[in-house]
Amino acid sequence: MSFGKMRDPIQILRITHTKDADGFAQASDQHIANARAYFEQRHGNVRWANLARFSEATALFRLRVLPGVAIEPLHILVCRGERYEVLSVETLRGMYYEILAKEVL
């Protein structure tokens, strides 16, 4: 994966839950990192046909491994003004993350 294909800026967020003074849970976003990624929407191509077991995945992200940052399922990626929930993360050759995510409305 070349730098030329990784042209979409993304934010990686973690949702944290805290309780207020009255005991009600509040969800807030905790910023983890910014990165550039290759972004692909789900369409009817061969790649997505092979990923049929992830029927709810709507986007694919590829980005370089960030030292000291662990991306996990349920993290949130923000790209092009949309929010995506991470479903699965695979490390390719120890250099890249391949992330399948679904759009959160």
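Rules used throughout
Residues numbered from 1 in each chain as written. Predicted model: local features only at pLDDT ≥ 70, side-chain atom pairs only at ≥ 80, totals over all residues. Heavy atoms only, no water. Core = buried A, V, L, I, M, F, W, Y, C linked by side-chain atoms within 4.5 Å. Buried < 20%, exposed > 50% of the residue type's maximum accessible area, 1.4 Å probe, protein only. Helix = DSSP H or I, 4+ residues; strand = E, 2+ residues; numbered from the N terminus. Contact = heavy atoms within 4.5 Å. Salt bridge = Lys/Arg side-chain N within 4 Å of Asp/Glu carboxyl O. Pairing = 2+ DSSP bridges. Axes fitted to C-alpha atoms, helices over the stretch in contact; angles between N-to-C directions.

Novice: Please explain the nonpolar core as it appears in this structure.
Specialist: The tendency in soluble globular proteins is for nonpolar side chains to be buried as a group. Residues Ile10, Phe61, Leu63, Ile71, Leu77, Tyr84 and Ile99 are the most contacted members of the largest nonpolar core, which totals 19 residues. At the level of secondary structure, the elements contributing two or more residues to this core comprise strand 1 (8-19), strand 2 (25-41), strand 3 (59-64), strand 4 (76-79), strand 5 (82-92) and strand 6 (96-104). The dominant element in this core, judged by the number of residues it contributes, is strand 2, at four residues. Dropping the residues within four chain positions of it, Ile71 is found in contact with Ile12, Leu63, Val86, Val89, Tyr97 and Ile99.

Novice: What exactly am I supposed to notice about unusual backbone geometry here?
Specialist: Leaving glycine aside, a negative phi is the common case for residues, and trans is the common case for peptide bonds. Of note in this structure, Leu74 is not a glycine but carries a positive phi near 80 degrees. Overall, the relative accessible area of 58% leaves Leu74 in the exposed class. Here Arg80, not a glycine, exhibits a phi torsion of approximately 55 degrees, which is positive. Here Arg80 lies in the loop between strand 4 and strand 5.

Novice: So what exactly am I meant to see when it comes to the pattern of salt bridges here?
Specialist: Pairing is possible between side chains that carry opposite charge, provided their charged atoms lie close to one another. Within the structure shown, the criterion is met by three salt bridges. Linking Arg80 and Asp8 is a salt bridge whose minimum nitrogen-to-oxygen distance equals 3.2 Å. A residue pair is termed long-range when its members are at least 10 positions apart, and Arg80 in the loop between strand 4 and strand 5 and Asp8 in strand 1 qualify at 72 residues. Salt-bridge contacts for Arg83 lead to Asp29; the nearest nitrogen and oxygen are separated by 3.0 Å. One end of the pair, Arg83, is in strand 5; the other, Asp29, is in strand 2, and 54 residues separate them in sequence. Residue classification places Arg83 among the partly exposed positions, given a relative accessible area of 29%.

Novice: So what exactly am I meant to see when it comes to the sheet that holds strand 1 here?
Specialist: Pairing between sheet strands relies on hydrogen bonds along the backbone, with the strands arranged either parallel or antiparallel. Strand order in this closed barrel of six strands is 1-2-3-6-5-4, and the pairing throughout is antiparallel. Adjacent strand axes in the sheet meet at a mean angle of 45 degrees when their direction is disregarded. Where strand 2 and strand 3 come together, four bridges link them in antiparallel fashion. For Gln41, the partnering residue across the bridge sits in strand 3 and is Ala59.

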